[in-house]
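Analysis of the macromolecular model
The chain contents come next:
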Amino acid sequence: MAIVVNLDVMLAMRKMSLTELSEKVGITMANLSILKKGKAKAIRFSTLESICDVLDCQPGDILEFRKEE
């Protein structure tokens, strides 16, 4: 997939667990895990906004476009 999710990188940089993020954002561990693994087909802007708020980052820090060759 051309969109890469760098959620695990941001969590490591913030020294935060997926469980802690789940509690602070109000998203289930299962849904965050799907997003983290890059298996999600979509993400709501409100969810992305909440994640960025908690991790103090920009959407581009979490989502990356890699051109497939």
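Here the structure is a predicted model, which means the values were calculated and not measured.

Let's shift gears to helix H4 (residues 45-55). Here H4 has its buried residues at Leu48, Ile51, Cys52 and Leu55. The buried side chains of H4 occupy one side of the element, clustering within an arc of 95° when seen end-on. Within H4, the exposed residues directed more than 90 degrees away from the buried face are Glu49 and Asp53.

All right, on to the pattern of salt bridges then. Per the stated rule, a full pass over the model turns up two salt bridges. We note a salt bridge from Glu20 to Lys24, for which the minimum N-O separation is 3.3 Å. Note that Glu20 and Lys24 are positioned in helix H2 (residues 18-25) at a spacing of four residues, about one turn of the helix. According to the relative accessible area criterion, Glu20 is partly exposed, its value standing at 29%.

Turning our eyes to something else, we now look at the packing of H2 against helix H3 (residues 29-36). For the pair H2 and H3, the least separation of the axes is 9 Å and the interaxial angle reads 120°. In terms of their interaxial angle, H2 and H3 are classed as oblique. Crossing of H2 against H3: the hand is right-handed. Contacts between H2 and H3 pair Leu18, Thr19, Leu21 and Ser22 from the former with Met29, Leu32, Ser33 and Lys36 from the latter. When the residues that make up the contact of H2 with H3 are grouped by side-chain class, the tally is four nonpolar, three polar and one charged.

Glancing now at the environment of Asp61. Locating Asp61 in the fold gives a position in helix H5 (residues 59-62). Asp61 sits in the partly exposed class, given a relative accessible area of 35%. For the pair Asp61 and Val9, spaced 52 residues apart in the sequence, the C-alpha separation amounts to 8.9 Å. Aside from chain neighbours lying at most four places away, what touches Asp61 is Asn6 and Met10.

Parameters at a glance
- The numbering scheme is per chain: residues are counted from 1 as the chain's sequence reads.
- The predicted nature of this model means local features are confined to residues of pLDDT at least 70 and side-chain atom pairs, given and counted, to a pLDDT of 80 or more, with totals for whole chains, interfaces and linings taken over all residues.
- Hydrogens and water molecules were not included; the side-chain quantities draw on all heavy atoms of the structure.
- Only protein chains enter the calculation, and the probe is 1.4 Å; a residue is then buried if its accessible area is under 20% of its type maximum, exposed if over 50%, and partly exposed in between.
- Counting from the N terminus, the helices are DSSP H or I runs at least four residues long and the strands are E runs at least two residues long.
- It is the directions from the helix axis to the C-beta atoms whose arc is reported.
- Put simply, a salt bridge is a Lys or Arg side-chain nitrogen that is within 4 Å of an Asp or Glu carboxyl oxygen.
- Lines are fitted to the C-alpha atoms to define the axes, a helix being fitted only along its stretch in contact, and any angle between axes, read from their N-to-C directions, falls within 0 to 180 degrees.
- What sets the label is the angle itself: under 35 degrees gives roughly parallel, over 145 gives roughly antiparallel, 65 to 115 gives roughly perpendicular, and the rest give oblique.
- By definition, turning the near helix anticlockwise from the far helix through less than a right angle yields a left-handed crossing, and turning it clockwise yields a right-handed one.
- Whether two residues are in contact is decided by their heavy atoms: any pair within 4.5 Å suffices.
- Under this grouping Gly is polar, as are all residues other than the nonpolar Ala, Val, Leu, Ile, Met, Phe, Trp, Tyr, Cys and Pro and the charged Asp, Glu, Lys and Arg.

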